[in-house]
Amino acid sequence: MTVEKFYYDNKIVKAFGMATVVFGVVGMLAGLWAAIQLYLPASSLNLPATTFGRLRPLHTNAIIFAFVGNASFAGIYYSLQRLCKARMYSDKLSWFHFWGWQIIIAAAAITLLWGKTTGKEYAELEWPIDVAITLVWVVFGINMLGTIIKRREKHLYVAIWFYLATWVTVAMLHIVNSIEIPVSFMKSYSWYAGVQDALVQWWYGHNAVAFFLTTPVLGLMYYFLPKAANRPIYSYRLSIIHFWALIFIYIWAGPHHLLYTALPDWAQSLGTVFSIMLIAPSWGGMLNGLFTLRGAWDKVREDPVLKFMVVAITCYGMATLEGPLLSLKNVSAIAHYTDWIVAHVHVGGLGWNGFMAFAILYYLVPKMWNTTLYSKKLATNHFWIGTIGIVLYAVPLYWAGFEQSLMWKSFTPEGQLRFQFMETVNNLIPMYISRSIGGALYLTGALMMVYNLAKTMAQGSFIANEAAEAAPLVKAVSPQKEYWHRVIERKPVTLLVLSLIVVAIGGLVEFMPTFLVKSNVPTISSVKPYTPLELQGRDIYVREGCYVCHSQMIRPFRDEVARYGEYSKAGEFVYDHPFQWGSKRTGPDLAREGGKYPDSWHYNHMYDPRSMSPGSIMPQYPWLLDNKLDTASTPAKIKAMITLGVPYEKDYANRANADLMEQAKTIEGNLKKDKIETDPDMEIIALIAYLQRLGKDIKGPAVTAQQ
Amino acid sequence: MLNKKSIALLFLSLALLNSFCTMAQDAAQVPQTQASPGLNPALMLLIGIAVIFLLCIGILGYVLINVSALNSGKDKNDQCQVSSIPKTPLLLITLLSSSLLANAQTGPSAETAIVAQKATSIIGLTPTAFYLLVFTLFIEVVVILVLMWNIWNLLKKANPVTDIVPIEEKKEARRLTLNWWEKFNSLKPMAQEENLDTGHEYDGIRELNNRLPPWWLYGFYISILFAVIYLWRFHVSHSAPLAKEEYELSVSNAEEKTKAYLASKGEAIDENTVTLLTGKTDIDAGKVIFEKSCAACHMADGGGMVGPNLTDNFWLHGGDIKSVFKTIKYGINAMPPWQTSYSNKEIAQVASFVASLHGTKPKTPKAPEGVEVIGASQNQAADSATKTK
């Protein structure tokens, strides 16, 4: 048999690796800055671009899609070539993928800080960028599948199963969740509304964690861990079971983000039970990792790469046990909307994703530069400082979440709420300070890595094209009967299609009834579409990222009803494109904010929150008082809403601005009574109109129900 | 002779019995009227004991097998194969806890759902569930005794040989044997690794084909069982409250609780609104508390010892009913606060009793302390004191 000689493309791996480091540092800095704003609101600099509501989406997008994304691509491009014994299918496509992705990241950074957002968590990017993501993702898929098809290895290793499932599922999630109707170049409305939008969004949001932060990184673990430890994979059988179980079950678990909300009960229960069933498949990955190290634990003591991996896999195990437990209703009742969730996410983010990325970088750079690591000691110090950082980050936030939740729920024996919302916030400040110290330590560790890797690169010489040789794949059909899964492993397209079928089931079962069966979202006749001014105000609410800190979903709990008013009903949100239920209550819930305070309170509060509620940690929004409202966009927005089925009259788009001015003048008049002089066509007026509308639709019937 | 299979079987049946108890409890529940079984302290205690007994049985069974193996002279390698035992207790515990967890899902509502139990219940459990649990505990105790008796008999016959092994041999032995952790995970000795090799090789990465760790596999099954029970309870049998029902339950319970609290507080008395109580029942109630908690320092007749004399006209912290109430409730200097021990109503009763002591002749009166008070309230107190007599 002839042996073919070929070259692995290391240059593309290097490019993705560099991007990983750069965007990792940028993303962590954004996170640190946002964290500091929680106890020093003035550090927002009173600039629109750097307030928490815009910085936080930047942080999450940078970490998920830029840092972990690029790290996964680097690892995939390195391992895929070696596991297929083939160079990437096309260098051109590789570089199109690389530059396309980096341009998307740059565009994301600019538009997010600019306030261009769809208002859906982890899917904030506007429609032109969504289209670009789809295009680049397809190119990545073609390049990956092309490489797999021209491979010199008969069977596909488990890492590649994970890569393929990642690709096909992310494509499905991104396309379904991003269906939106463009209003202008950088503005669109989600196709779905209210409960349905929430279901689609968290089906996406949950599985973005699953298929962008988990499955590709598990694939990387399956390659880099046995390579670094020089040990065989613990169990092939476990790989098969946990792979299929994981991708099948994960998709169903999305509704656990919506427990006790207006989502139908049956969907919530599906979210809970599938989360519980997810424990074992997730732990299968952890076990296959940790047991692979059996007989190599002496190496873990020496090798920083393995150290990072062990902590990463342990954090993965912790987070994937905690997640299902958080999906139990009685735990969610305590943890949801609090910093507990932030802590949970960061055990996964800092521990699993961050440490895996560091481990892979420490492994790749010496290999590709044909040298040894510049300083093992520095890497070990990075490991320890990073681990301490994670602990300092997570522990105070667990405490904060638990404490705040108990304070929210606390009643005096006389039946009164024991604490004002503000008291529960002020109590958290020390914990917020500690978490930012933890974050700063973690970032320091990352900077130590940057120095260490730069020095390593300097002392070695880069191998752009690494020579390898292997025999070509012979098409001969094997005469003896193969194990059934081995058959699938040599048919990449079958594997891809099977993965798609398996991941499509959960979503279909949850979506179909919610969209088609009317009883799931009972209509309320008193709920009317937003007025043009309120609609404009709502867009400002979305633009400023208010949903990042304020929920609009009162759960059916005694304390929430006492604090905020009648609990939220599914029928109240039928005109909300997109829904704005939020996922965190750094500030109080706003679902029934309308009519709670006078217009002038909101005016002053937006200018300086602390003047109206002392101790508040909300940023100032002085620009809302100076910006003129863009009324030219009103007709297009109304038209888009009509297309989405919102029952405005057919020709309302043309008359909308007249109504808008009329309502604006009323608010201007109210403000004048309280000695505030402003023009009616300011952004603040629109925002006040929206805030004063919130929750009012059913205030009448709710009162009668109480009597 | 007991062998490992029979012990495992015994175990399984006991566990099933255990979980049936919880199930029976389940079935007997009507969520609207009774507290969730998962949070009934008596049930938790009994199940806790049952689980601990099960663990004991597991450990004793394991010891018994080893002792019997030692006795019959089986070699060490053979013992390595005994892996069914440790996983069984685990299976049971998880089985139990999964059903408990499913029950506990009634959550916050149950916390507040403390509604009077039916007269037919025993320590808050239905009779069936109670007797089933007691029966299980009884069986478990019998099994433990039998196991202990067996071990004792075997140990009497046993004659273990202790030998000293050099370090290199120990290392080699380590490759051949398994510790408890490895057995727990159904791992094979390192020396047998070639047998597990699948022959797969990708870029130098080989794949073994270890058995799935039993606890993992059974954990997976149990999580599926949990899912079925959960969906059944919430959406088929409707024996667990959905969000809206849970909310209504929690609000009505809280209302009841608040009402009860306000009633127990004696219509919301505090130091600003307290008035002198003159009814005989109130004074007598005050006397009982006084003798229990105050007499140690003030003497039963109020003559004073560590604390001041309460019968004279001299008061350190005011002698009117409001001041006395306040002193008792919050304490001052050496006087401890009593607000966490007694309700405001009870404190008012004690204060009124103290007022009734004014002018009486104690056996060993302590010298006067503080300022002399002869005010309207004092007279009033003295008047009422004479009246009650």
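Engineer: What should I look at first to understand the overall build of chain A in this one?
Structural biologist: Secondary structure assignment for chain A yields 27 helices and four strands. Relative to a compact globule of 707 residues, whose C-alpha radius of gyration would be 27 Å, chain A shows 26 Å and is just as compact. The C-alpha extent of chain A, read off along each of the three principal axes, is 90 × 50 × 50 Å. Classification of the 707 residues of chain A by burial places 56% in the buried group.

Engineer: Would you mind showing me how to read the overall build of chain B here?
Structural biologist: On a plain count of helices and strands, chain B comes out with 15 helices and four strands. Of the contacts made within chain B by residues no fewer than 6 positions apart, 79% connect residues no fewer than 24 positions apart.

Engineer: What is the right way to read the domain arrangement of chain A from this model?
Structural biologist: Think of interface size as the accessible area that goes away when the parts come together; that is how it is often given. Residue and element names in this part refer to chain A. Looking at the assigned domains, one finds that chain A contains domain 1 (4-462 + 480-510) and domain 2 (532-706). With 44 residues of domain 1 at the interface, the matching set in domain 2 holds 47 residues. Counting residues per element, the ones that place at least two in the side of domain 1 that touches domain 2 are helix H2 (52-84), strand E2 (180-184), strand E3 (187-190), helix H6 (194-229), helix H14 (376-409) and helix H15 (421-426). It is H2 that provides the largest number of residues to the side of domain 1 that touches domain 2, a total of five residues. Split by residue class, the side of domain 1 that touches domain 2 holds 23 nonpolar, 15 polar and six charged.

Engineer: In this structure, what is going on with the packing of H2 of chain A against H6 of chain A? I would like to understand it.
Structural biologist: A packed helix pair is summarised by two numbers, namely the angle formed by the two axes and the spacing between the axes. All names here are of chain A. Where H2 meets H6, the closest approach of the two axes is 10 Å, and the angle between their N-to-C directions is 35°. Considering only the axes of H2 and H6, their crossing is left-handed. Across the interface between the two elements, Ile64, Val68, Ser72, Gly75, Ile76, Ser79 and Leu83 of H2 pack against Ala208, Phe212, Leu213, Pro216, Val217, Leu220, Tyr223 and Phe224 of H6. The residue inventory of the contact of H2 with H6, partitioned by class, reads twelve nonpolar, three polar and no charged.

Engineer: Would you mind showing me how to read the interface of chain B and chain A here?
Structural biologist: Each partner contributes to the interface: chain B provides 39 residues, whereas chain A provides 38 residues. Those elements giving two or more residues to the side of chain B that touches chain A turn out to be helix H5 (107-112), strand E1 (197-202), strand E2 (205-208), helix H10 (214-236) and helix H11 (243-264) of chain B. The element that contributes the greatest number of residues to the side of chain B that touches chain A is H10 of chain B, accounting for eleven residues. Here the side of chain B that touches chain A is composed, by residue class, of 23 nonpolar, eleven polar and five charged.

Engineer: Even after reading the chapter, I still don't get helix H18 (residues 492-516) of chain A, so can you show me in this structure?
Structural biologist: Since the α-helix packs 3.6 residues into each turn, any two residues three or four apart lie on the same face. All names here are of chain A. Taking 1.5 Å of rise per residue, 25 residues should cover 36 Å, and H18 covers 35 Å from first to last C-alpha, within 8% of that figure. Maximum bend of H18: about 30°, positioned at Ala504. Those residues of H18 that are buried lie in contact with helix H4 (127-149), helix H5 (158-177), H6, helix H7 (236-250), helix H8 (265-277) and helix H17 (484-489).

Engineer: What is the right way to read the pairing of strand E4 (residues 465-470) of chain A from this model?
Structural biologist: Two faces, one strand: in a regular strand the side chains alternate between the faces of the sheet. All names here are of chain A. Among the six residues that make up E4, zero are buried, leaving the element largely open to the surroundings. Where strand E1 (residues 4-9) meets E4, six bridges bridge the pair, whose relative direction is antiparallel. Across the sheet, residue Lys5 finds its bridge partner in E4, namely Glu469.

Engineer: Just to check I follow, could you spell out the environment of Pro189 of chain B for this structure?
Structural biologist: Tracing the backbone shows Pro189 of chain B in the loop between helix H8 (180-184) and helix H9 (193-196). On a C-alpha basis, the gap between Pro189 of chain B and Arg175 of chain B in space is 5.9 Å, while along the polypeptide they are 14 residues apart.

Engineer: When you look at unusual backbone geometry in this model, what are you seeing that I'm missing?
Structural biologist: Among all residues except glycine, the phi angle is most often negative; among peptide bonds, the trans geometry is most common. Residue and element names in this part refer to chain A. With an omega dihedral of -5°, the bond running from His577 to Pro578 counts as a cis peptide bond. Position of Pro578 relative to the elements: it lies in the loop between helix H20 (558-564) and helix H21 (599-607). One non-glycine residue, Leu45, lies in the positive phi region at around 65°. Relative to the assigned elements, Leu45 resides in the loop between helix H1 (11-37) and H2.

Engineer: It is not clear to me how the nonpolar core should be interpreted in this structure. Could you clarify?
Structural biologist: The nonpolar side chains of a soluble globular protein tend to be buried with one another. Core analysis: the largest hydrophobic core is formed by 236 residues, its most contacted members being Met309, Ala312, Met356 and Ala359 of chain A. Here this core gets 23 residues from one element, more than from any other, and that element is H6 of chain A. Excluding its chain neighbours within four sequence positions, the residues that come into contact with Met309 of chain A are Leu225, Ala228, Met356 and Ala359 of chain A. Judged by nonpolar contacts, the second largest core, of 19 residues, contains Leu310, Ile321, Phe325 and Phe353 of chain B.

Engineer: Got a minute to help me understand the confidence of the model for chain A in this structure?
Structural biologist: It should be kept in mind that the predicted coordinates are not to be read in detail where pLDDT is low. Per-residue pLDDT for chain A averages 93, and the proportion of residues at 70 or more is 98%. Here residues 701-707 of chain A is modelled with pLDDT under 50, and outside its nearest four sequence neighbours on either side it reaches two contacts, counting other chains as well.

Engineer: Can you help me understand the environment of Asn627 of chain A in this one?
Structural biologist: All names here are of chain A. In this structure, Asn627 sits in the loop between helix H23 (623-626) and helix H24 (634-643). C-alpha separation for the pair Asn627 and Glu683, spaced 56 residues apart in sequence, amounts to 5.7 Å. If near-sequence neighbours (up to four positions away) are discounted, Asn627 is found in contact with Met682 and Glu683.

Engineer: Explain the pairing of E3 of chain A to me, please; I cannot follow it from the model alone.
Structural biologist: Residues and elements named next belong to chain A. Alignment of E2 against E3, held across four bridges, turns out to be antiparallel. What sits directly across from Pro182, in E3, is Ser188. Taken together, E2 and the strand that follows it, E3, pair antiparallel across an intervening segment of two residues.

Engineer: I would appreciate a short explanation of the packing of helix H3 (residues 91-114) of chain A against H4 of chain A in the present structure.
Structural biologist: All names here are of chain A. Relative to each other, H3 and H4 sit at 155°, their axes nearing to 9 Å. Taken as axis vectors, H3 and H4 run roughly antiparallel relative to one another. In the crossing of H3 with H4, the sense of the turn from one axis to the other is left-handed. When H3 is examined against H4, the residues Leu93, Ser94, Phe96, His97, Gly100, Trp101, Ile104, Ala107, Ala108 and Thr111 are found in contact with a partner set consisting of Ile129, Ala132, Ile133, Val136, Val139, Phe140, Ile142 and Asn143. Partitioned by chemical class, the residues of the contact of H3 with H4 number 13 nonpolar, five polar and no charged.

Engineer: In this structure, what is going on with the environment of His605 of chain A? I would like to understand it.
Structural biologist: Mapped onto the elements of the fold, His605 of chain A is located in helix H21. In sequence terms His605 of chain A and Met618 of chain A are 13 residues apart; their C-alpha atoms lie 9.4 Å from each other.

Engineer: Help me understand H8 of chain A in this model?
Structural biologist: Its 13 residues place the ends of H8 of chain A 19 Å apart at the C-alpha level, agreeing with the 18 Å of an ideal helix rising 1.5 Å per residue. Turning to H8 of chain A, its buried residues are Ala267, Gln268, Ser269, Leu270, Gly271, Thr272, Val273, Phe274, Ser275, Ile276 and Met277 of chain A.

Engineer: Mind showing me how you'd approach the confidence of the model for chain B here?
Structural biologist: All names here are of chain B. Across chain B, the average pLDDT comes to 75, with 68% of residues at or above 70. Mean pLDDT across the secondary structure elements of chain B bottoms out at H5, with 40, and peaks at H10, with 95. In the predicted structure, residues 24-38 sits below a pLDDT of 50 and forms 40 contacts with residues beyond four places in sequence or in another chain. Below a pLDDT of 50 lies the segment residues 74-86, which in the model reaches 24 contacts outside its immediate sequence neighbourhood of four places, other chains included.

Rules used in this analysis
Within each chain, residues carry numbers counting from 1 in the order of the written sequence. Chains carry letters and ligands carry numbers; both start at the beginning, A for chains and 1 for ligands, and go up in the order they are written. Owing to the predicted nature of the model, reporting of local features is limited to residues with pLDDT of at least 70; listing and counting of side-chain atom pairs is limited to 80 or more, with chain, interface and lining totals taken over all residues. We count a stretch as a helix when DSSP gives it H or I for four or more residues in a row; a strand needs E for two or more, and each element gets its number in order from the N terminus. Two things to know: the radius of gyration comes from C-alpha atoms, and the globule rule equals 2.2 Å times the number of residues to the power 0.38. Exposure in this text rests on C-beta crowding, where 20 or more other C-beta atoms within 10 Å of a residue's own make it buried, 12 or fewer make it exposed, and counts in between make it partly exposed. The C-beta atoms are placed from the backbone. Once C-beta atoms are placed from the backbone, any two residues with those atoms within 7 Å are in contact. Boundaries between domains were set according to an automatic or database domain assignment. When residue character is reported, Ala, Val, Leu, Ile, Met, Phe, Trp, Tyr, Cys and Pro are called nonpolar, Asp, Glu, Lys and Arg charged, and the others, Gly included, polar. For helices, the axis comes from a line fit to the C-alpha atoms of the stretch in contact; other axes are also lines fit to C-alpha atoms, and the angle between any two N-to-C directions lies between 0 and 180 degrees. In this scheme, a crossing is called left-handed if the near helix is turned counterclockwise away from the far one by less than a right angle; it is called right-handed if the turn is clockwise. Working rule for helices: expected span equals 1.5 Å times residues minus one. Two axes are fitted around each residue, one to the seven residues ending there and one to the seven starting there, and the angle between them is reported as the bend at that residue. Pairing between strands is defined by DSSP: at least two bridges between them are needed. Note on terminology: a nonpolar core is a set of buried residues of type Ala, Val, Leu, Ile, Met, Phe, Trp, Tyr or Cys, with members joined through C-beta atoms within 7 Å. Known as pLDDT, the predictor's per-residue confidence is scaled from 0 to 100. Here is the rule for angles: anything less than 35 degrees is roughly parallel, anything more than 145 is roughly antiparallel, 65 through 115 is roughly perpendicular, and the remaining ranges are oblique.

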